[in-house]
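Observations on the three-dimensional arrangement
If you want the building blocks of each chain, they are given just below.
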Amino acid sequence: MYTILKKQALNPTVTLMEIDAPPIAKKAEPGQFIILRVDEDGERIPLTIADFDRQRGTVTIIFQIVGATTERLNHLNQGDCLQDFVGPLGVPSHTEGLQKVCVIGGGVGSAIAYPIAKKLHQNGCQVHAIVGFRNKDLVILEEEFRSVSQRFLLMSDDGTAGEKGLVTDALKKLLDAGEQYDEVIAIGPLVMMKFVCKLTKEYGVKTVVSMNPIMIDGTGMCGGCRLSVGGQTKFACVDGPDFDGHLVDFDEAIQRAAMYKAFEQQRREETCKLFEGV
Amino acid sequence: MPNMSLKKNEMPVQAPEERNRNFDEVALGYTLEQAMDEAARCLNCKHKPCVGGCPVAIDIPAFIQEIKVGNLAKAYEILSASTSLPAVCGRVCPQETQCEQKCVRGIKGEPVAIGRLERFVADWHMQNAKEPPAKPAANGHKAAVIGAGPAGLTCAGDLAKKGYQVTIFEALHLAGGVLVYGIPQFRLPKEIVRKEIDNLKALGVEIQTNMVVGKVLTIDELFEQGFESVFIGSGAGLPNFMRIPGENLKGVYSANEFLTRINLMKAYKADSQTPILHAKNVAVVGGGNVAMDAARCAKRLGAEKVYIVYRRSLEELPARKEEVEHAMEEGIDFRLLNNPTRILGDEQMNVRSMECIQMELGEPDASGRRRPIAKPGSEFQLDVDCVIIAIGTSPNPLLRSTTKGLETNKWGCIVADEKTGATSREGVFAGGDAVTGAATVILAMGAGKAAAKAMDEYMQAKRA
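Below is a short write-up of the structure. Predicted model, so just to flag it, every value in this text is computed and none were measured.

1. Considerations on the overall build of chain A
When you go through chain A residue by residue, the secondary structure sums to nine helices and 16 strands. Over its C-alpha atoms, taken along the principal directions, chain A stretches across nearly 55 × 40 × 40 Å. Relative to its 278 residues, chain A shows a buried fraction of 56%. Taking the contacts inside chain A whose residues are at least 6 apart along the sequence as the reference set, 65% of them involve residues at least 24 apart. On chain A, roughly 11,500 Å² of surface is accessible, and the fraction owed to carbon and sulfur atoms is 49%. Of the side-chain charges in chain A, 30 are positive and 37 negative, and the distance between the mean point of each set is 2 Å.

Right under this line is the structure:
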């Protein structure tokens, strides 16, 4: 069984869990994801691997409580088991040979950006990290990012943490100051990634984004996670989740991500009521 | 005296106007009386042509003779000697092009209803068997099977019966492959699949779910773990799309996704955690069994109009005749000799219509079927809010990209010996859709069975 070895609230809506999954921990690489089911009859949800420990055989996930399934997941505690936990899926992030990279994380996306920054740092790559949150209460992994980056810029929408502004404001400042990057790696909300890519396109800097569309199996079987990339249809689960951000059709991805919004809201409300009733 | 009726005993079914609103099984199965009466139609021919039409070579006249005298336990024993999944085969095999096509009674009149009889015996066994099958004596050797679909389950069952310690590695959270994610409840109840799989477990087969071989484990690692031979039955899971404009609109599904949401993820139940679009007007593109399944599911989810859009005519429709008839009875609208050209959406990218072009049939092509040719200027709009693409699947590239020395052809299918399933890698065998591309459950089972025999011979020779 997939036991939860550790549970930690990183902020009111974001939780970290360490899962006992030795075979997955043995193979996992930054950028890959797992699919889990909380209970029998539960839906399958993909979560990008936030960290792993090959020795201890653990895989760390960090998730935002956004729907019924993450609500249910957040009601489990240390010692509880997940119904299913499968991975590592997807293609690992490409980190070899990069000399200088700007890693950008937005909100809970920072949890996925962090292992990539860490791996780059371990490879001897110079890392500039920009992370953005709505306000100071939502900041996660600040110390972790600091420890693996040469430059660290913290941004918040309301100015209560770090500097006031968007991650794109910080990136623009660095680029205008003449910073040259082999690559920008941006992971966060679709809108953030879209505008990072818009900016880096102007500056001609290659940009990689990590896509997290609606998925079922995660092995290429359903095609639900398809995206338009450079005019071609790609499956995020097997061709990605990393893609050249300048080729991704973000507007399409944003629409597709909202396909079941009404259903999801209703299910989440039902789930919340269920837990309140307990 | 044999029963010389020219017609098969009809199998009771749910009324069309009733069943197209529920997911309960359509065909209800024979009573003992009907089964015995049908069994009496078998002439028990000496040359048994029907057996030659069965990919797993069931001794068909022998099990039917036992039904005739009411000895159902013996009938089941004969069936299960050749097939690990009789309740499944009795329901989903295309008997009309296999055993029943060869039946002598079919020369004048209808063939013996072999499929219905198989189902009857298997269902009787499930309801009446008290003991799970006995676990065979272990021979101390290990074999691995990748994929718990029809090919893998059959291969595992046959190896287990020979005493091998078999482990199946399944990527999804549930064993069964297409039997659980693809074929709907109303055609193959999932409880039946589960019981057949429980029988395999009783034989000692271990099933590890959530194991994506090629990702969490490689075939090389399986050998390192002490498995002496490996069977690949990973299927053809990758959905094909048409590559027409609008395919990424919201409301366009691959049949795989639509059926997986409904069957594996239970979206047909009102309290399911898995969302599915409840569309008003649905177009299913394609003419195979999967297209029929998708159309009939869409109807059951409450769609008012469900179209099958197929570019050839009724004659070329690749789905089983019975499935086409069932679909027509349930009110599915067949728009034949039409081909989609693009899918149109609104500002929120929801599907609003599908543009099709009329086709006519020209000269036969390489497949022997008459080639459909578009009639210029005949485009028209079909008002739909959901489109399901059911034009076939390709093998999943996960294994071939992570296994050194595994030869595949230009379509990505694993190259394997037709008789033994042997691949270009020593000790690695393959069968089912992973080798043939999308085909039928029973062909996959036949391949799994043949591979089990070859794997046993391979492992024995290696030990000698």
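What follows continues from the structure just given.
2. With respect to the side chain of Glu221 of chain B
For Glu221 of chain B, the location among the structural elements is in helix 12 (residues 219-224). Excluding residues that lie within four positions of it along the chain, Glu221 of chain B makes contacts with Lys26 and Lys27 of chain A together with Val216 of chain B.

3. A look at the interface of chain A and chain B
With 43 residues of chain A at the interface, the matching set in chain B holds 42 residues. Overall, the association of chain A and chain B removes approximately 3,500 Å² of surface from exposure, summing both partners, and the carbon and sulfur fraction of that is 55%. Taken as a group, Met221, Arg226 and Tyr260 of chain A account for 19% of the area that chain A buries against chain B, more than any other trio of residues on that side. Scanning the region where chain A abuts chain B turns up two salt bridges. The closest approach of N and O atoms between Lys27 of chain A and Glu221 of chain B, which form a salt bridge, is 2.6 Å. At the junction of chain A with chain B, the criterion picks out 20 residue pairs in polar contact (both at pLDDT 80 or more). In terms of residues, the side of chain A that touches chain B owes the most to one element, strand 7 (residues 84-89) of chain A, which gives six residues. In the side of chain A that touches chain B, the residues fall into 18 nonpolar, twelve polar and 13 charged.

4. Focus: the pairing of strand 12 (residues 370-374) of chain B
Residues and elements named next belong to chain B. Of the pairings in the sheet, the one linking strand 11 (residues 351-364) to strand 12 comprises four bridges and is antiparallel in character. Note that in strand 12 the partner of Leu361 across the bridge is Pro372. Hairpin remark: strand 11 followed by strand 12, antiparallel, with five residues in the connecting loop; positive phi at Gly368, about 90°.

5. Examining the sheet that holds strand 14 (residues 386-389) of chain B
Strands belonging to one sheet form pairs held by backbone hydrogen bonds; the direction of such a pair is parallel or antiparallel. All names here are of chain B. Taking strand neighbours across the sheet as the criterion, the five strands line up as 6-14-7-8-9 in an open arrangement whose pairing is parallel. At either end of the open sheet lies a strand with only one pairing partner, and these are strand 6 (252-254) and strand 9 (333-336). Strand-to-strand twist of the sheet, defined as the mean angle between neighbouring strand axes without regard to direction, takes the value 20°. The strands that helix 14 (residues 289-300) touches are strand 7 (281-285), strand 8 (305-310), strand 9 and strand 14; relative to strand 8, the one it contacts most, it runs at about 165°.

6. A few points about the side chain of Ser254 of chain B
Here Ser254 of chain B lies in strand 6. Here the side chain of Ser254 of chain B touches Cys222 of chain A through a polar contact of 2.6 Å, landing on its backbone oxygen. Of the polar contacts made by the side chain of Ser254 of chain B, one reaches the backbone nitrogen of Glu257 of chain B; its length is 2.9 Å.

7. Quick word on the packing of aromatic side chains
Taken as a whole, this structure holds nine aromatic pairs over all chains when the rule is applied. Their ring planes at 45° and their centres at 6.1 Å tell us that Tyr2 of chain A and Phe85 of chain A sit as a pair that is tilted. Here the residue Tyr2 of chain A occupies a position in strand 1 (residues 2-11), and Phe85 of chain A occupies one in strand 7, the gap between them amounting to 83 residues. Taking the relative accessible area as the measure of exposure, Tyr2 of chain A reaches 19% and is therefore buried. On the basis of relative accessible area, Phe85 of chain A is assigned to the buried category, the value being 0%. The side chain of Arg300 of chain B reaches across the aromatic face of Phe186 of chain B, ending 3.7 Å from its centre.

8. Topic: the pattern of salt bridges
For the coordinates displayed, the defined rule picks out 50 salt bridges over all chains. Measuring nitrogen to oxygen at the nearest pair gives 3.8 Å for the salt bridge that ties Lys136 of chain A to Asp137 of chain A. By relative accessible area, Lys136 of chain A is classed as exposed at 51%. The exposure class of Asp137 of chain A is partly exposed, given its relative accessible area of 46%. Among the ionic pairs, Arg312 of chain B bridges to Asp365 of chain B, the shortest N-O distance being 2.9 Å. You can see Arg312 of chain B sitting in the loop between strand 8 and helix 15 (321-329) and its partner Asp365 of chain B sitting in the loop between strand 11 and strand 12, a full 53 residues away along the chain. Among the charged side chains, a salt-bridge network with shared partners connects Arg19, Glu96, Arg187, Asp293, Arg296, Arg300, Arg320, Glu322, Glu323, Glu329 and Glu330 of chain B.

9. Some words on a nonpolar patch on the surface
Taken together, the side chains of Met1, Met4 and Leu43 of chain B make up a nonpolar region of the molecular surface, amounting to roughly 390 Å² of accessible area. With respect to the secondary-structure elements, Met4 of chain B resides in the segment before helix 1 (16-19).

10. A few points about the packing of helix 4 (residues 60-68) of chain B against helix 5 (residues 72-82) of chain B
What describes two packed helices is the angle between their axes and the distance between those same axes. Residues and elements named next belong to chain B. At a minimum axis distance of 8 Å, the contact between helix 4 and helix 5 shows a crossing angle of 170°. Overall, the two elements helix 4 and helix 5 adopt an arrangement that is roughly antiparallel. Only Leu72, Lys74, Ala75, Ile78 and Leu79 of helix 5 make contact with helix 4, whose side of the interface consists of Ala62, Phe63, Glu66 and Ile67.

11. Remarks on the sheet that holds strand 9 (residues 126-133) of chain A
Residues and elements named next belong to chain A. The sheet built from seven strands is open, its strands ordered 11-10-9-8-12-13-16 with mixed pairing. A strand with exactly one partner marks an edge of an open sheet, and here the two such strands are strand 11 (163-164) and strand 16 (242-244). Across six bridges, strand 9 lies against strand 10 (residues 151-156) in parallel orientation. Bridge assignment links Phe133 to a residue of strand 10, and that residue is Ser156. Packing of helix 3 (residues 110-122) onto the sheet brings it into contact with strand 8 (100-106), strand 9 and strand 12 (183-187), and relative to strand 8 it is tilted by some 160°.

12. Some words on the environment of Asp244 of chain A
All names here are of chain A. With respect to the secondary-structure elements, Asp244 resides in strand 16. For Asp244, a relative accessible area of 29% gives the class partly exposed. For the pair Asp244 and Gln78, spaced 166 residues apart in sequence, the C-alpha separation works out to 38 Å. Polar contacts involving the side chain of Asp244 include one to the main-chain amide nitrogen of His246, which spans 2.9 Å.

13. Focus: the state of the cysteines
The full count for this structure, using the stated rule, is zero disulfides over all chains. Free cysteine Cys222 of chain A: the closest other cysteine sulfur is in Cys225 of chain A, separated by 5.9 Å. Note on Cys222 of chain A: relative accessible area 3%, which makes it buried. Unpaired in this structure, Cys356 of chain B has its nearest cysteine sulfur neighbour in Cys386 of chain B, at a distance of 14 Å.

14. Examining the environment of Leu217 of chain B
Position of Leu217 of chain B relative to the elements: it lies in the loop between strand 3 (206-208) and helix 12. Given the relative accessible area of 9%, Leu217 of chain B is considered buried. When the C-alpha atoms of Leu217 of chain B and Val284 of chain B are compared, they prove to be 37 Å apart, with 67 residues separating the residues in sequence. With sequence-adjacent residues up to four places away left out, Leu217 of chain B is seen in contact with Lys27 of chain A together with Phe169, Met211, Val212, Leu222 and Gln225 of chain B.

15. What about helix 13 (residues 255-262) of chain B?
A large share of helix 13 of chain B lies buried, amounting to eight of its eight residues. Regarding helix 13 of chain B, the residues found buried are Ala255, Asn256, Glu257, Phe258, Leu259, Thr260, Arg261 and Ile262 of chain B.

Calculation rules
Residues numbered from 1 in each chain as written. Chains lettered and ligands numbered in written order. Predicted model: local features only at pLDDT ≥ 70, side-chain atom pairs only at ≥ 80, totals over all residues. Heavy atoms only, no water. Helix = DSSP H or I, 4+ residues; strand = E, 2+ residues; numbered from the N terminus. Buried < 20%, exposed > 50% of the residue type's maximum accessible area, 1.4 Å probe, protein only. Contact = heavy atoms within 4.5 Å. Areas by Shrake-Rupley, 256 points an atom, 1.4 Å probe, with all protein chains shown as cover. Lys, Arg positive; Asp, Glu negative; His and termini not counted. Charge placed at Lys NZ, Arg CZ, Asp CG, Glu CD. Buried area = accessible area lost by both parts, 1.4 Å probe. Salt bridge = Lys/Arg side-chain N within 4 Å of Asp/Glu carboxyl O. Polar contact = N/O pair within 3.5 Å; in protein donor to acceptor, adjacent residues only side chain to side chain. Nonpolar A, V, L, I, M, F, W, Y, C, P; charged D, E, K, R; others polar. Pairing = 2+ DSSP bridges. Axes fitted to C-alpha atoms, helices over the stretch in contact; angles between N-to-C directions. Phe/Tyr/Trp six-rings, centres within 6.5 Å; stacked < 30°, edge-to-face > 60°. Lys NZ or Arg CZ within 6 Å of the ring centre and 35° of its normal. Patch = residues over 30% accessible without salt bridge, like charges linked within 9 Å, V, L, I, M, F, W, Y side chains within 5 Å. Parallel < 35°, antiparallel > 145°, perpendicular 65-115°, else oblique. Disulfide = S-S within 2.5 Å.

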